[in-house]
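Per-entry structural report
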Amino acid sequence: ETNWNVVCNTGMVLGALAIEEHYPELAKHIIGEAVRYIPNCLKHFAPDGVCYEGPAYWGYTNMYLSLLLKALNDNLGEDFGISEMVGVDKSVLYYMHSTSPSGKIFNFANSGSTAPAAEPIYFYFSRAFNQPEVAAFYRDILSKTVQSGNYFRFYFLSIPWYDTASSPADALPKLKVYEGINDIIVFNGNRNIPNSLYLIAKTGDPDMAHQQLDIGTFIIETNGIRWTDDLGSDNYGLPGFWDYKPDGQRWTYFRNSNFSHNTLSIDHRLQNSAGTGEIDRLDNKAAQPFVTMDMSTTYAGQSRFVYRTFRMLDDVRILVTDSIGLQNPSQSVQWSVITSANVECKGNTAVLKKDGKSFSLKIVSPVDAFFTARAAKRGTEAEKPIEGYTILSASVSSEPVQVIKVLLSGE
């Protein structure tokens, strides 16, 4: 059910088409089996086109999917309903519209780079699904690729697939939610004013392929600066790296744990990989749009309930509210983010500074809570090095129901 389904079956289809003239029955059988099983992966694109395995595997999957659909339609005149599966036609639009104003992707799951995929996926989708804005988006990526000389696999197909189509840029809503195994939540401030916010967050299901303990995490940008980060993937060859059980060795590696993400821990414990995050409530029509996540099963055995709400107060401010029902008042809750910016803690306020810009976080509640900062460090020498990152955190306790409110401000 992972990306390998599409990759391998596409290879089989292309090979079958190459020998079809000489072995028509064998080719027919191979193609029939491929189009039978490919939906096992693509069904996860429903309803809004999100690839739950993260943006790195979004590019991998959709590049081979583009090859498959092009080959089937050009040679056989149909793709056997694959392109009509729910979410497939929306996938590139989701990817484009969730890219940040600075041109970076949300590199969740086992994804490293924050640069958008540079394969000619977009040109195929723009023509196949009449999405001219996608072609325009990719032409901008292409111009940067040519300037850098950093060419990607299948780059050469940008020439025969080239699409000159264009259309006016879509008006971005203040709040857009893309539903899937990983629900992706995107807030957009007015990009025509200084200090406007872009925030992208996710729910998730950590024990599925390539996932991390990152339910509730979020990335925030203003003025082209990314203020909270995702460290991406670690070395695939680490012992137990693919052990997704709640006590699996995968979670002992810092990059895979909730300790390296912009979310919560209770008593400094790991999230429960058998849990999930779900959208509980949302209002994208309100003057102050909001989304509430139910993260309760993510902290099974540690709490009675956990909810996280993002509310956009205006173009430059977002309030993050966490409500945690603890099992006993002696427990503590840790609220944290990871950042590559310089951090100055002043009691309940932290100021982040980078490239001549600044950003602030203020703990509105509890009134006596305060921020601390420490260098982010990997757990073992075998893990990828971590340099230049800081964990900004606050710990609260002594209440059976902890309500933590943090104001994020680009002002």
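Data block above holds the structure.
This is a predicted model, so every value here is computed, not measured.

**Comments concerning helix α7 (residues 132-148)**
- Its 17 residues give α7 an end-to-end C-alpha distance of 25 Å, which sits within 8% of 24 Å, the value for a rise of 1.5 Å per residue.
- When we look at burial in α7, the residues that qualify are Pro132, Glu133, Val134, Ala135, Phe137, Tyr138, Ile141, Leu142 and Thr145.
- On its buried face, α7 sits against α5 (91-97) and α6 (121-128).
- In the stretch just after α7, glycine 149 is the one whose phi turns positive, near 75°.

**Some details on the pairing of strand β9 (residues 303-314)**
- Here strand β8 (residues 290-294) runs beside β9; their pairing, made up of five bridges, is antiparallel. Within β9, the residue paired with valine 291 across the bridge is phenylalanine 310.
- Note that β9 and strand β10 (residues 317-326) share 10 bridges and pair antiparallel. From the neighbouring strand, phenylalanine 310 faces β10, where its bridge partner is valine 320.

**As for the side chain of glutamine 131**
- Mapped onto the elements of the fold, glutamine 131 is located in the loop between α6 and α7.
- Classification of glutamine 131 as buried rests on a relative accessible area of 5%.
- A distance of 2.8 Å separates a polar side-chain atom of glutamine 131 from the backbone oxygen of aspartate 89.
- What glutamine 131 contacts, discounting residues up to four positions off in sequence, is Asp89, Leu93, Phe125 and Ser126.

**Here's the deal with the sheet that holds strand β2 (residues 184-188)**
- Taken together, the five strands give an open sheet; going across it, the order is β1-β2-β3-β4-β5, and neighbouring strands pair in antiparallel fashion. The open sheet has two edge strands with one neighbour each: β1 (175-178) and β5 (225-226).
- Of the pairings in the sheet, the one linking β1 to β2 comprises four bridges and is antiparallel in character. Counterpart to valine 177 in the pairing with β2 is isoleucine 185.

**Some words on empty space enclosed by the protein**
- Taken as a whole, this structure holds two cavities of 30 Å³ or more when the rule is applied.
- Broken down by class, the residue content of the lining of the largest cavity amounts to eight nonpolar, two polar and no charged.
- Its boundaries defined by the atoms lining it, the second largest cavity holds a volume of some 40 Å³.
- For the second largest cavity, the full set of lining residues is Asn3, Cys41, His44, Phe45, Cys51, Tyr52, Glu53 and Thr61.
- Taken together, the residues of the lining of the second largest cavity sort by class into four nonpolar, three polar and one charged.

**Some details on the nonpolar core**
- Of all hydrophobic cores here, the largest spans 60 residues; its most connected members are Leu42, Trp58, Leu65, Ile82, Tyr122 and Ile184.
- Tallying contributions element by element places helix α4 (residues 55-76) first for this core, with 11 residues.
- Not counting residues up to four positions away in its chain, the partners in contact with tyrosine 122 are Trp58, Val92, Tyr95, Pro116, Ala117, Val134, Phe137, Tyr138 and Ile141.
- Listed in part, the 42 residues of the second largest apolar core include Ile185, Ala201, Ile220 and Val337.

**Details of unusual backbone geometry**
- A cis amide bond, omega -5°, links alanine 46 with the succeeding residue proline 47.
- Take proline 47: it is sitting in the loop between α3 (39-42) and α4.
- The linkage connecting serine 365 with the following residue, proline 366, adopts the cis geometry, with an omega of -5°.
- Assignment of secondary structure puts proline 366 in the loop between β14 (357-365) and β15 (372-375).
- Not every positive phi belongs to a glycine, and asparagine 223 is a case in point at roughly 50°.
- Inspection of the secondary structure puts asparagine 223 in the loop between β4 (218-222) and β5.
- Judged by relative accessible area, which is 32%, asparagine 223 ranks as partly exposed.
- One non-glycine residue, aspartate 355, lies in the positive phi region at around 50°.
- Summarising the element assignment, aspartate 355 is placed in the loop between β13 (349-354) and β14.
- When its relative accessible area of 62% is taken as the criterion, aspartate 355 is described as exposed.

Cut-offs used in this document
- Residues numbered from 1 in each chain as written.
- Predicted model: local features only at pLDDT ≥ 70, side-chain atom pairs only at ≥ 80, totals over all residues.
- Heavy atoms only, no water.
- Helix = DSSP H or I, 4+ residues; strand = E, 2+ residues; numbered from the N terminus.
- Expected span 1.5 Å × (residues − 1).
- Buried < 20%, exposed > 50% of the residue type's maximum accessible area, 1.4 Å probe, protein only.
- Contact = heavy atoms within 4.5 Å.
- Pairing = 2+ DSSP bridges.
- Polar contact = N/O pair within 3.5 Å; in protein donor to acceptor, adjacent residues only side chain to side chain.
- 1 Å grid on protein atoms, 1.4 Å probe; cavity = no way out; pocket = protein on both sides within 12 Å on 5 of 7 lines; lining within 4 Å.
- Points joined across faces, edges and corners; volume = space filled by probe spheres on them.
- Nonpolar A, V, L, I, M, F, W, Y, C, P; charged D, E, K, R; others polar.
- Core = buried A, V, L, I, M, F, W, Y, C linked by side-chain atoms within 4.5 Å.

Honestly, it's all geometry; don't read function into it.
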